[in-house]
Amino acid sequence: MSSETEYDVIVIGAGAVGENLADRTVQGGLRTVLIEHELVGGECSYWACMPSKALLRPAAALEAARAVDGAAQAVAGARLDVAAVLARRDAFAAHWDDSGQVRWVDKAGIDLARGHARLDGARTVVITDVAGATRRVTARHAVAVCTGSGASIPPIDGLVAAQPWTSREATSAKEVPGSLAIIGGGIVAVEMATAYGALGCSVTVIARGRLLASLEDFAGDAVARRLQESGVRVLTQATTTRVVRDPSGRVHVTLDSGDTVEADELLVATGRTPRTGDIGLDSLGLDGLRAGEPLPVDDTMLVAGTDWLYAAGDATMRAPLTHQGKYQARAAGDAIAARATGRPVDDAPWGTHVATADHRAVPQVCFSAPEVASVGLTARQAHDAGITTRVVDYPLGRVAGVAVHRDGAEGQARLVVDAARDVIVGFTVVGDDVAELVHAATVAIVGEVPIARLWHAVPAYPTASEIWLRLLEELGRPS
C-alpha cells in the first residue's frame, strides 16, 4: 500500500461498483485509492449474484434434462448431489478469499486501503483499520461512495432476537436445513425458495402481497405455480406478526391469520437498505444527506449540493442491481476524469457521462423456475406515467424454437409500446431459459428503434428469438 495521503480520487467500497469506478478514473489518468473493510469484490461476488446463481444452476440443468424426452430417461431417478452443489457454489464465491480480486486491483493500477472509511469534511476520509489505527486521506478532485446495501430487517416482534438468515447466510450456508421459512416475495425470496426446494429442503414462502409484485402480474403467478408444483408452500397476502426461536432452535412464525409456520431456519428477504449510516455524512453539513438513506445524485452521479462527492450503486438506490451500479460507476468515473482534466462533460440524455438508462431501461432477470426477464416499464407503470400504450402478449410455447427446446414448454411474453412514438417501452418474458432474450429488448428500448424498423430485424429459425416476430405480428404490420 502506498504511503500517500493525497489522491486525485478516493473510492469508498471495493465491490463491483467501486472497482469499476476506480478503474475508469485510473484510465482517465487520476491517482485513485479504493477503500474496503470486508472482501474486495463485494456483495455480488461472495453473497449475492455469483453464489446464488451457482446454487440455482445445477437444479435448472437437471430440470432441463427431465423436460426433454430421451434425455429424461437418462436422468430418471437422478437427484442433486447437495455436497457437490455447495462445493461448486464455494468455488464461484472464490471460497470467500479475495486474493484474486486484490491482484486485479493491483494490476489495474489502483491503490487499496483496508479498513472502515468515514468522511471527515469535504474531500477528506479517515480510514480505521482492524487494529483501530487511523489514517487520513484527502482527494484533490472527488470522493465516490460505493458502499452498497444491506438486508432490511422489518420491525416484526421477535424477529431480530430469532437471528434470521439474510441473503448472506442463505447464499453461503454450509448445510441445507430440513426446512426453511422465507419472509418476502421478491427476487431474493423466489430464487432462494427455488434453490433450497431443489436441494431437498421443505420451503414455505410468506409474502405480504403477490410474488414478484414489481413485475407484470403474470410473472409472479407463473413462478408461484411452479414453486407449488415443486412442493414449495406459497402463502400470499400473508403478514408476519411475530417470530420466536424456541430453545431447540426451531423458528415459529405467526401470521396475521393466526396460523403458525415452523421451520429449522428463517430467511428474511424483504428488501435492501443503503449502507450510508456510518460513513460520516453528518460531517459535511449538507441538507438532504441523511445517514442510512440513499444519496441523491444527478445523472453524472454527482451528489446534490456538492461539486466533489459522487455515489453509485445501491448507495443511491436508483436501480439497485449490480449491472446497473457498474453502469453508473462507468459514467461517474468518466465524468470525474473529464471534470478533473478540464474536458467537456457530455451530460445530455444518453451522453457519455450520464446514467440515463436508470430511468426507463433497466433490465433484470429472476433466475427462478421459470425464469423472468424484463426491461423497461410494465403495462401498469407505463399507464401510470401517462403513456398511451399498446400492449400485446404471446404464448411462448407456440414459438418453434421454444417447443423444440423443452417438451410441453409454457410461458408468456409481453411488449408494451408507446403508441404515440411507436417504440417499445417495456418487455417481459416468462419461461424456462429465457434470460438471454432480454438484451435484444434492452437494445430496442435504449435505441428507441421504431416498430416499423424492427420488422426488418429477422430472427433466426428455429430460435426462441422468434418471439419477437410473433409479438410484432400481434401488433400488426404498419401500412
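Further up the page is the structure itself.
Residues numbered from 1 in each chain as written. Predicted model: local features only at pLDDT ≥ 70, side-chain atom pairs only at ≥ 80, totals over all residues. Heavy atoms only, no water.

Peer 1: An account of the pattern of salt bridges is needed here, citing residue identities and associated values.
Peer 2: Between side chains of opposite charge, a pair can form as their charged atoms come close. Applying the stated rule across the entire model yields 34 salt bridges. Measuring nitrogen to oxygen at the nearest pair gives 3.3 Å for the salt bridge that ties D217 to R380. Here D217 is found in helix α9 (residues 217–229), whereas its partner R380 is found in helix α11 (residues 379–384), with 163 residues between them in sequence. Under the relative-accessibility criterion, D217 is labelled partly exposed at 29%. A salt bridge links R406 to D432, with the shortest nitrogen-to-oxygen separation between them at 3.2 Å. Taken together, the residues R406 in the loop between α12 (400–405) and β20 (412–418) and D432 in the loop between β21 (423–431) and α13 (438–446) connect sequence positions 26 residues apart. In terms of burial, R406 and D432 fall into one category: buried. (Salt bridge = Lys/Arg side-chain N within 4 Å of Asp/Glu carboxyl O. Helix = DSSP H or I, 4+ residues; strand = E, 2+ residues; numbered from the N terminus. Buried < 20%, exposed > 50% of the residue type's maximum accessible area, 1.4 Å probe, protein only.)

Peer 1: Tell me what's going on with the nonpolar core, and back it up with residues and numbers.
Peer 2: Soluble globular proteins: nonpolar side chains tend toward being buried together. If you look at the biggest cluster of nonpolar residues, it comprises 50 residues, and the most contacted ones within it are I10, L21, L119, V125, V143 and L309. No other element matches the six residues that strand β6 (residues 134–145) contributes to this core. Excluding anything up to four places from it in sequence, L21 contacts V11, A144, C146, A312, A329, A332, G333 and I336. Of all hydrophobic cores here, the second largest spans 36 residues; its members include V85, V190, A219 and A222. (Core = buried A, V, L, I, M, F, W, Y, C linked by side-chain atoms within 4.5 Å. Contact = heavy atoms within 4.5 Å.)

Peer 1: Could you give an account of helix α1 (residues 16–27), with specific residues and numbers?
Peer 2: Compared with the 16 Å implied by 1.5 Å per residue over 12 residues, the 17 Å span of α1 between its first and last C-alpha is a close match. Within α1, nine of the 12 residues are buried, which leaves it mostly tucked inside the rest of the structure. Of all the residues in α1, the buried ones are A16, V17, G18, E19, L21, A22, D23, T25 and V26. The secondary structure elements touched by the buried residues of α1 are β1 (6–12), β2 (32–36), α6 (99–107), β6 and α10 (322–340). (Expected span 1.5 Å × (residues − 1).)

Peer 1: How would you sum up the pairing of strand β8 (residues 179–183)? Please name residues and give values.
Peer 2: The element β8 is extensively covered by neighbouring structure, given that five of its five residues are classed as buried. Pairing of β8 with strand β9 (residues 202–206), which is carried by five bridges, proceeds in the parallel orientation. Residue pairing in the sheet places S179 in a bridge with S202 of β9. Handedness of the crossover is the feature at issue here: the chain leaves β8, passes through helix α8 (residues 187–198), returns alongside β9, and the resulting connection is right-handed. Across four bridges, the pairing between β8 and strand β14 (residues 265–268) is parallel. Looking at the pairing, A181 lines up with L266 of β14. (Pairing = 2+ DSSP bridges. Right-handed = clockwise from strand over helix to strand, strands pointing away.)

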